Amino acid sequence: MPAHARDPYGYRPSSTILVTPEGDILGYTPEQNEVVISRDRMGRRVLFDHYGNLIATEVPAESYFPRGAQQRDYPETAYDNYPPQPRGWNDDQVVTGTIPDANTIDRQPLDEPAQDMPYGGPDMAPPTEQAAPRTVTPDIPVKSNLSQLEITALQTFLDREGISPGVIDGKMGQNVNKALVAYQQMTGETLDPNNADDILERLRLSGGLAIISYTITPGDAAGPYVASIPEDYSQKAQLPALSFTSTTEMLAEKFHMDEAYLKALNPGVDFTIPGTIIKVVDPGKGKQGQVAKIVADKGLKQVFAYAADGSLIAAYPASIGSADTPSPSGTVTVERVAFDPGYTYNPKVNFQQGANDRVLAIPPGPNGPVGTVWMALSRPTYGIHGTPEPSKIGRTQSHGCIRLTNWDATELAKMTKPGVTVEFID
């Protein structure tokens, strides 16, 4: 019986339906003793099982089956006419989880750490005494008068080629400069970043324009999402998953974008309504290949992936080590690759977070300390992994590991098998 056919929780059968996290209509009505009912900040009912997993979100039927949805007009050259959207406390915060009471924390003693979860730590701001990272200048420097859309086109083309500029935000910086130099290393060709017509033609050949229209799906709107990600690791350990906190955060990561830039391209848009048509970057398909060697350049803050014949397959901006917790030197190997990993916090192993003095098992999710990927290295506690804060990649330091955006870490992990060598250079 469809979930809207009867009304045990006071639903309005004619106007609302239950939507699963995958965006489907829930095909049954759970019994009251099977679920925990809560509300998100939009006032919508959300149903969890007793393990904290989201079952369904109650949404208006009309939003699932939108009537007369109109496509907005977004001129490709009119970005400067779009003022940044103000951020508010309820800015697209579709909440389907909360932080349980801290008194319920399940702490493990230090001699009983979880065995299959990575260790590591969050990005850190560069200390003032730390030497500045090396900078590079492309053979053809980028002019200062390029528009944000022209820079977006350049970033998107490089991203499609497997030469990542980090988050796509329509801004120039060292991550873009490093990508331009790496593109020349990969192809032997000097790319003119100021030739807009050439970049547009390259985009056409690689899949089409940089910015495309996208229709928000019921699954996008339903989540699951969490209200916020706490700083304290003991509170992180309470959550069922370290999920995205909003539709905009999820969509920005899906399309390799800076979240503020996504909102600026779509002023006044409610991202929580299925059927809404928005403008997003089209990063294309992920790079494919078989990686034989990875080089982590600590001074340049960039990771290079090479094929067996020595050719460059991909390059990514990275946060690599710090003065306090430096990355290894020399050569190690990839021991294993884990997608959507959990995380073990152990203050006895590497660093102290807050007042936490016990091992904590932190659940997986894109906002977890190691993001959505963990590639364990043969040097214990070190790995290549994702991040909950993609805009900081290449601009901050890490607790010794190699930190990439989640999408770059995923792309690299899919091309890498255990046994691949990882060389750290200064």
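Residues numbered from 1 in each chain as written. Predicted model: local features only at pLDDT ≥ 70, side-chain atom pairs only at ≥ 80, totals over all residues. Heavy atoms only, no water.

Looking at an unreviewed UniProt entry, one finds the chain named L,D-transpeptidase and attributed to Ciceribacter sichuanensis. Checking UniProt for the chain, the heading Sequence similarities (unreviewed entry) contains the comment "Belongs to the YkuD family." (UniProt positions renumbered as here; feature names shortened; annotations may be inferred.)

(A) Looking closely at the UniProt feature "active site" (unreviewed entry) in the chain. Per the UniProt record, the feature "active site" (unreviewed entry) sits at H385 and C401. The greatest C-alpha distance among the residues just named is 7.7 Å, despite their covering 17 residues of sequence, which places them together in space. Mapped onto the elements, H385 comes out in strand β15 (residues 383-385). Of the residues examined, H385 reaches a relative accessible area of 0% and is grouped as buried. Relative to the elements of secondary structure, C401 occurs in the loop between β15 and β16 (402-403). Of the residues examined, C401 reaches a relative accessible area of 3% and is grouped as buried. (Helix = DSSP H or I, 4+ residues; strand = E, 2+ residues; numbered from the N terminus. Buried < 20%, exposed > 50% of the residue type's maximum accessible area, 1.4 Å probe, protein only.)

(B) View of the sheet that holds β15. The strand order across the open sheet formed by 9 strands is β9-β8-β7-β17-β11-β14-β15-β16-β10, and the pairing between neighbours is mixed. Only two strands of the sheet have a single neighbouring strand rather than two, namely β9 (312-317) and β10 (319-320). Bridge count between strand β11 (residues 330-339) and strand β17 (residues 421-425): 4 bridges; the pairing is antiparallel. Bridge pairing in β17 links G330 to F424. Contacts between helix α3 (residues 174-187) and the sheet are confined to β8 (302-306) and β9, with β9 contributing the most and set at about 170° to the helix. (Pairing = 2+ DSSP bridges. Contact = heavy atoms within 4.5 Å. Axes fitted to C-alpha atoms, helices over the stretch in contact; angles between N-to-C directions.)

(C) Region of the structure containing the pairing of β11. By the bridge criterion, 5 bridges tie β11 to strand β14 (residues 373-377) in an arrangement that is antiparallel. Its bridge partner being in β14, V337 is matched across the sheet by M375.

(D) View of the nonpolar core. Membership of the largest hydrophobic core comes to 40 residues, with the highest contact counts inside it found for L158, L191, L251, M257 and I278. Residue assignment for this core shows that the elements contributing at least two residues are α2 (148-160), α3, α4 (196-206), β5 (211-215), α7 (247-254), α8 (259-265), β6 (277-281) and β9. Among residues more than four places away in sequence, those in contact with L191 are I140, L154, F157, L158, L180, Y183, D198, I199 and R202. I294, L404, A413 and F424 belong to the second largest nonpolar core, which has 27 residues in total. (Core = buried A, V, L, I, M, F, W, Y, C linked by side-chain atoms within 4.5 Å.)

(E) Structural detail: the packing of α2 against α3. Direction vectors running N to C along α2 and α3 enclose 50°, while the axes themselves pass 11 Å from each other. One finds that α2 runs oblique with respect to α3. Judged by the sense of rotation from one axis to the other, the crossing of α2 with α3 is left-handed. Mapping the contact onto sequence places L154, Q155, F157 and L158 in α2 and V176, A179, L180 and Y183 in α3. Class assignment of the residues belonging to the contact of α2 with α3 gives a composition of 7 nonpolar, 1 polar and no charged. (Parallel < 35°, antiparallel > 145°, perpendicular 65-115°, else oblique. Left-handed = near helix turned anticlockwise from the far one by under 90°. Nonpolar A, V, L, I, M, F, W, Y, C, P; charged D, E, K, R; others polar.)

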